[in-house]
Amino acid sequence: MTSFDIFIAALQPTFDTREAQSIARIVFEDCFGLQPPQFSRAQLTTAQNEQLQSILTALLAGQPLQYILGQADFYGLKFKVDPRVLIPRPETEELVEWVLETIRTHDPQQNLSVLDIGTGSGCIPITIAKKSPRTIVWGLDVSADALALADENANLNQVEIRWQEQDILNQEAWTSLPIFDLIISNPPYIPLREQVLMPAQVSKHEPHLALFVPDEDPLLFYRAIAAFAQIHLNPNGFLFFECNEYNALELKLLLESMAWSDVVLKEDLSGKLRMIRATR
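Let us look at the structure shown here.

Reading guide: rules and limits
Residues numbered from 1 in each chain as written. Predicted model: local features only at pLDDT ≥ 70, side-chain atom pairs only at ≥ 80, totals over all residues. Heavy atoms only, no water. Core = buried A, V, L, I, M, F, W, Y, C linked by side-chain atoms within 4.5 Å. Buried < 20%, exposed > 50% of the residue type's maximum accessible area, 1.4 Å probe, protein only. Contact = heavy atoms within 4.5 Å. Phe/Tyr/Trp six-rings, centres within 6.5 Å; stacked < 30°, edge-to-face > 60°. Helix = DSSP H or I, 4+ residues; strand = E, 2+ residues; numbered from the N terminus. Polar contact = N/O pair within 3.5 Å; in protein donor to acceptor, adjacent residues only side chain to side chain.

**Describing the nonpolar core**
For step 1, the next point in the chain: Residues Ile183, Leu239, Leu251, Leu255 and Trp260 are the most contacted members of the largest nonpolar core, which totals 37 residues.
For step 2, the next point in the chain: The residues touching Ile183, leaving out its near neighbours within four places in the chain, are Leu115, Ile117, Ile225, Phe228, Ala229, His232, Leu233, Phe238, Leu239 and Phe240.
For step 3, the next point in the chain: Core analysis: the next-biggest nonpolar cluster, separate from the first, contains 25 residues, Phe79, Val114, Ala129 and Ile184 among them.

**What to know about the packing of aromatic side chains**
For step 1, the next point in the chain: Counted under the stated rule, the structure contains 11 aromatic pairs.
For step 2, the next point in the chain: For the pair Phe28 and Phe39, a centre-to-centre distance of 5.9 Å together with 65 degrees between the ring planes defines the contact as edge-to-face. Taken as a pair, Phe28 in helix α2 (residues 17-30) and Phe39 in helix α3 (residues 36-39) lie far apart in primary sequence, 11 residues in all.
For step 3, the next point in the chain: Owing to a relative accessible area of 0%, Phe28 belongs among the buried residues under this scheme.
For step 4, the next point in the chain: For Phe39, a relative accessible area of 3% corresponds to the buried category.
For step 5, the next point in the chain: An aromatic cluster is defined as three or more aromatic residues linked by ring pairs; in this entry it consists of Phe4, Phe7, Phe28, Phe32 and Phe39.

**Quick notes on the side chain of Asn186**
For step 1, the next point in the chain: Positionally, Asn186 belongs in the loop between β6 (180-185) and β7 (190-191).
For step 2, the next point in the chain: Side-chain polar atoms of Asn186 contact the side chain of Glu242, separated by 3.5 Å.
For step 3, the next point in the chain: Each residue touching Asn186, except ones within four places of it in the same chain, is listed here: Thr92, Ile117, Gly118, Ile124 and Glu242.

Bear in mind that shape data such as this cannot, by itself, settle questions of function.
This is the structure we're talking about:
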């Protein structure tokens, strides 16, 4: 058996076959610079085999692959990630695609201003800046550590983002921000009671600050951000959220009750209601 086959076999008591194969492909591509035809015949050096064993040990201990490798793929771009920030998810790529589509249809020649609230790794604003270079993009987060990593990612992807350290729940600080054409957020939305239902890989390693909300108010951040956006969006500006499929309809009702118009819920590729857009 080759190193590739041995690695997959070692993963399979913990991961199913498809996931083990996917992990192995990522490791061999990102760590060793190999392409699929080379996997099965690759002869790794002693140092590479030691690195592979170290990665295997960390995976079997429950650490997320992206944190082990220190990077994640998002919308065709590379982002540095570590426990300061959430690992970017595929459904967030779908949200970004909807934002970019809206920018293209709205007025691609205009220098639109965009704010991402709760930016984490910076994957949302950096991707928008990269794919829509005329936009003026801001990223806001309550965590200085997250913003430091987001700034590294902006430099890595050669875009300029205006970072702001701020707690969006602090209304007194809202005046420090300008008016925008689009506001986007993937805020914390998992009630604390659901922590026990989550994979240990997520609940034990990813930042709780970016994941959880109080059980008694799961729409806390949505309500605050929607109120902020009512006074910080230009007329006909757009508000985008990633949301929890279990209270997506409740979020839609909340936005409509706050006089947002054209409130649209959208399914992700798995058929789950995971994103919403509203117009001021």
